[in-house]
Amino acid sequence: MRDLAEKWSVAPDWRNATIEVPGLRIGAVAGLHQRLVSGDLAAWAGASGFDGTAVGAFGLAEGARYSVRLARDRLLAVSATPIGMATGWFSQGFAVTEISAGLQVFEAEGAALDAFIARGTTLDPGQSSASAALSFAGISAIVYRHESKLRIHVDRGLAAYLWTWVTQAAGHIAAGK
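Per chain, residue numbering runs from 1 following the sequence as it is written. Where local features are concerned, this predicted model is filtered to residues with pLDDT of at least 70; where side-chain atom pairs are given and counted, the filter is 80 or more; whole-chain, interface and lining totals use all residues. By convention in this description, side-chain values take in all heavy atoms of the structure and omit both hydrogens and water.

S.K.: I would appreciate a short explanation of the overall build of the protein in the present structure.
M.R.: Regarding its fold elements, the protein presents three helices and 12 strands. At 17 Å, the protein has a C-alpha radius of gyration in line with the 16 Å of a compact globule built from 177 residues. Principal-axis analysis of the C-alpha atoms places the extent of the protein at approximately 55 × 50 × 25 Å. Burial analysis of the protein (177 residues in total) assigns 44% to the buried set. Residue contacts are defined here by distance: any two heavy atoms, one from each residue, within 4.5 Å place the two residues in contact. Restricting to contacts in the protein with at least 6 residues of sequence separation, those with at least 24 account for 71%. When charges are counted, neither His nor the chain ends are considered; positive counts come from Lys and Arg and negative counts from Asp and Glu. By convention, charge coordinates are those of NZ in Lys, CZ in Arg, CG in Asp, or CD in Glu. Distance between charge centroids for the protein: 3 Å, based on 15 positive and 15 negative side chains. To qualify as a helix, a DSSP run of H or I must reach at least 4 residues; to qualify as a strand, a run of E must reach at least 2; elements of each kind are numbered from the N terminus. Based on C-alpha atoms, the radius of gyration is set beside the globule rule, defined as 2.2 Å times the residue count to the power 0.38. Remark: exposure states derive from per-residue accessible area (1.4 Å probe, protein chains only) relative to the maximum for the residue type, with buried under 20%, exposed over 50%, and partly exposed in between.

S.K.: How should I be thinking about the packing of helix α2 (residues 113-120) against helix α3 (residues 159-175) in this particular structure?
M.R.: Two numbers describe a pair of packed helices, the interaxial angle and the distance between the axes. Axis separation between α2 and α3 bottoms out at 10 Å; the angle between their running directions is 130°. Judged by the inter-axis angle, α2 sits oblique to α3. Judged by the twist between their axes, the crossing of α2 over α3 is right-handed. Listed contacts from α3 to Ala 115, Phe 116, Arg 119 and Gly 120 of α2 are Trp 165, Val 166, Ala 169, His 172 and Ile 173. Residue polarity is assigned by list, with Asp, Glu, Lys and Arg as charged and Ala, Val, Leu, Ile, Met, Phe, Trp, Tyr, Cys and Pro as nonpolar; anything else, Gly included, falls into the polar class. Class assignment of the residues belonging to the contact of α2 with α3 gives a composition of six nonpolar, two polar and one charged. Throughout, an axis means a line fitted to C-alpha atoms (over the contacting stretch in the case of helices), and angles, computed between N-to-C directions, take values from 0 to 180 degrees. Should an angle lie under 35 degrees it is considered roughly parallel, over 145 roughly antiparallel, and from 65 to 115 roughly perpendicular; all remaining angles are considered oblique. Should the near helix be turned anticlockwise from the far one by less than a right angle, the crossing is left-handed, and should it be turned clockwise, the crossing is right-handed.

Pasting the structure below:
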């Protein structure tokens, strides 16, 4: 029988995965706690202790706990420490779903960051938008700035594809193409 697994890219060890070319460094981020929140976001902010603001595409998130807007009534809560709130439906009108294992996070930084972004999306990185959910490298992703870096969250099943794309894009940037 034919082995169809050989058609797919092998996922690297994300704990050590890094690509460095002049002006650009890209790596995987491990250990983030991620929760998908849907419904009344103001009620969630009051119950969770998260600040009520959420960043959109290319918006700037700061600190160890922050929210990223995905839609009018949906956001991704991200924290470097455990969030400490139960999951499920809450009578205040919102639902919280643990999604940490479902999303792979990447970080990119360096002087060539704008060239990297230009290869991934047609959106202007200088203009933030209400939603951080967008098409990046041909797939659905959550893209925003954290501190001085660009963060990209993708479905874990698409992480190996994105890594292959990132490797090629970094090679083109290094070659000046």
